[in-house]
Amino acid sequence: MGKLDGKVAFITGAARGQGRSHAVRLAREGADIIAIDTAAKVDSVPYPLATAEDLAETARLVEATGRRIVARDADVRDSAALAAAVEAGVAEFGRLDVVLANAGISSPAPTLEMSDETWQDMIDINLTGVWKSLKASVPHIVAGGRGGAVVITSSLAAMYAHENTAHYSAAKAGLVMLMKVMAKELAPHSIRVNTVHPTTVATDMVLNDSTYRLFRPDLEAPTRADFEEAARAVNRLPVVALESEDISNAILYLVSDDGRFVTGATHVIDAGVAL
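Residues numbered from 1 in each chain as written. Predicted model: local features only at pLDDT ≥ 70, side-chain atom pairs only at ≥ 80, totals over all residues. Heavy atoms only, no water.

The name that an unreviewed UniProt entry assigns to the chain is Mycofactocin-coupled SDR family oxidoreductase, with the source organism given as Actinomadura rugatobispora.

Okay, structure coming up:
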């Protein structure tokens, strides 16, 4: 018996990193998966984004658990593509119970020097893209009449200021109030809405030169070792970065009956940063 037997989950940004981890973990607990990501290029993002092959690998890993998956290329900025992907999944599986709004980008830059494109891409993907994802999916949970759960991936950047992240922090902080408003609106339908706030997670969005420079602005060309030194100093527990599975564990709690009365919460997984 899995904690999500018979349930269906919609996950954005599922081609790799945290999104892939969430898809596989929820599948292992019995859920069928509707997964989206996109191979579209975002010029303001300074690291390689996911590929069609990445999404295909997520599908393979989910199917290896014995569960089913509908995987589609859909950009969270594209309402029509999101709606089509969700509708295809609901047509295949007959229901929707869980939504994980996980897709996001990083593009560190000084506040007064970043380009208009850098700011706008961030807000369009990390904030508006989440709203569009929820708008396309959550009505299917409401229509099912069985209740359900929504988890939005925010960040510690919603709570603590760091240089060169104004656009990222603004988007992630905006997600908190989006979550709280939706938690109030959806409570009568027994749909719970929460955010998760991880510290640094070892994914492609973090393990790249732009993040290394963010953590070590004192160095002209910081290496991963330089980044790890700084990241270890931020976390109070003796760890450089969390693994995606650590976030998946928290999300499983929030979307399963284990967290059945948790809603409107900012769930922090920070290795003691707040201390």
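That covers the picture; the talk isn't over yet.
This paragraph deals with the overall build of the chain. Helix and strand counts for the chain stand at 8 helices and 7 strands. A globule of 275 residues ought to have a C-alpha radius of gyration of about 19 Å, and the chain, at 18 Å, matches this closely. Across its three principal directions, the C-alpha atoms of the chain cover 55 × 35 × 35 Å. Sorting the 275 residues of the chain into buried and exposed places 52% on the buried side. A fraction of 74% describes how many contacts in the chain between residues 6 or more apart in sequence connect residues 24 or more apart. Per element, the accessible surface of the chain, about 12200 Å² overall, is 52% carbon and sulfur. (Helix = DSSP H or I, 4+ residues; strand = E, 2+ residues; numbered from the N terminus. Rg over C-alpha atoms; globule rule 2.2 N^0.38 Å. Buried < 20%, exposed > 50% of the residue type's maximum accessible area, 1.4 Å probe, protein only. Contact = heavy atoms within 4.5 Å. Areas by Shrake-Rupley, 256 points an atom, 1.4 Å probe, with all protein chains shown as cover.)

Here we take up the pattern of salt bridges. All told, the structure shown has 13 salt bridges when counted by the stated rule. Across the salt bridge formed by Glu57 and Arg60, the nearest N and O atoms sit 2.7 Å from each other. Highlighted residues: Glu57 and Arg60, both in helix 2 (residues 52–64), separated by 3 residues, approximately one helical turn. Note on Glu57: relative accessible area 27%, which makes it partly exposed. Note that Asp97 is salt-bridged to Arg146, the shortest N-O span being 3.9 Å. Here the residue Asp97 occupies a position in the loop between helix 3 (79–93) and strand 4 (98–101), and Arg146 occupies one in the loop between helix 4 (116–144) and strand 5 (148–153), the gap between them amounting to 49 residues. What makes Arg146 partly exposed here is its relative accessible area of 45%. (Salt bridge = Lys/Arg side-chain N within 4 Å of Asp/Glu carboxyl O.)

A separate point is the packing of helix 1 (residues 17–28) against helix 8 (residues 244–255). Where helix 1 meets helix 8, the axes come as close as 9 Å, and the angle between the chain directions of the two elements is 50 degrees. One way to sum up the angle between helix 1 and helix 8 is to call them oblique. Like other packed secondary-structure pairs, helix 1 and helix 8 cross with a definite hand, here right-handed. Judged by residue contacts, Gly17, Gln18, Ser21, His22 and Arg25 of helix 1 engage Ser244, Glu245, Ile247, Ser248, Asn249, Ile251 and Leu252 from helix 8. Classifying every residue of the contact of helix 1 with helix 8 by side-chain character gives 3 nonpolar, 7 polar and 2 charged. (Axes fitted to C-alpha atoms, helices over the stretch in contact; angles between N-to-C directions. Parallel < 35°, antiparallel > 145°, perpendicular 65-115°, else oblique. Left-handed = near helix turned anticlockwise from the far one by under 90°. Nonpolar A, V, L, I, M, F, W, Y, C, P; charged D, E, K, R; others polar.)

The element strand 5 is largely enclosed, with a buried count of 6 among its 6 residues. Where strand 4 lies against strand 5, 4 bridges are found, and the strand directions are parallel. Counted as the bridge partner of Val98 is Ala149 from strand 5. Of the crossover connections in this fold, the one passing from strand 4 over helix 4 to the parallel strand 5 is right-handed. Judged from the 6 bridges that link them, strand 5 and strand 6 (residues 191–198) form a sheet pairing that is parallel. Bridging from a neighbouring strand, Val151 pairs with Asn194 of strand 6. For the crossover from strand 5 across helix 5 (residues 166–186) to strand 6, the handedness is right-handed. (Pairing = 2+ DSSP bridges. Right-handed = clockwise from strand over helix to strand, strands pointing away.)

Moving on to the sheet that holds strand 5. Strand order across the open sheet formed by 7 strands is 3-2-1-4-5-6-7, with parallel pairing between neighbours. A single partner strand is all that each edge strand has here, and the edge strands are strand 3 (69–73) and strand 7 (266–269). Shown here is a sheet whose adjacent strand axes are inclined to one another by a mean of 15 degrees, direction ignored. Looking at chain direction, strand 1 (residues 8–12) and strand 4 are connected through 3 bridges and run parallel. When the bridges of strand 4 are listed, Phe10 appears paired with Val99. Across the sheet, helix 3 lies against strand 1, strand 2 (32–37) and strand 3, angled at about 165 degrees from strand 2, the strand it touches most. Running at roughly 160 degrees to strand 6, helix 5 makes contact with strand 5, strand 6 and strand 7 of the sheet.

In this section: the nonpolar core. Of all hydrophobic cores here, the largest spans 42 residues; its most connected members are Phe10, Leu96, Val99, Leu134, Val150, Ile152 and Val193. Looking at which element gives the most residues to this core, the answer is helix 5, with 9 residues. Ignoring anything within four residues of it in the chain, the contact list for Val150 reads Val99, Leu134, Val138, Ile141, Ile191, Arg192, Val193 and Asn194. (Core = buried A, V, L, I, M, F, W, Y, C linked by side-chain atoms within 4.5 Å.)

Look at Ser190: it is not a glycine, yet its phi comes out positive at around 60 degrees. Mapping Ser190 onto the fold places it in the loop between helix 5 and strand 6. In this structure, Ala271 is a non-glycine residue whose phi angle is positive, near 50 degrees. By secondary structure assignment, the location of Ala271 is in the segment after strand 7.

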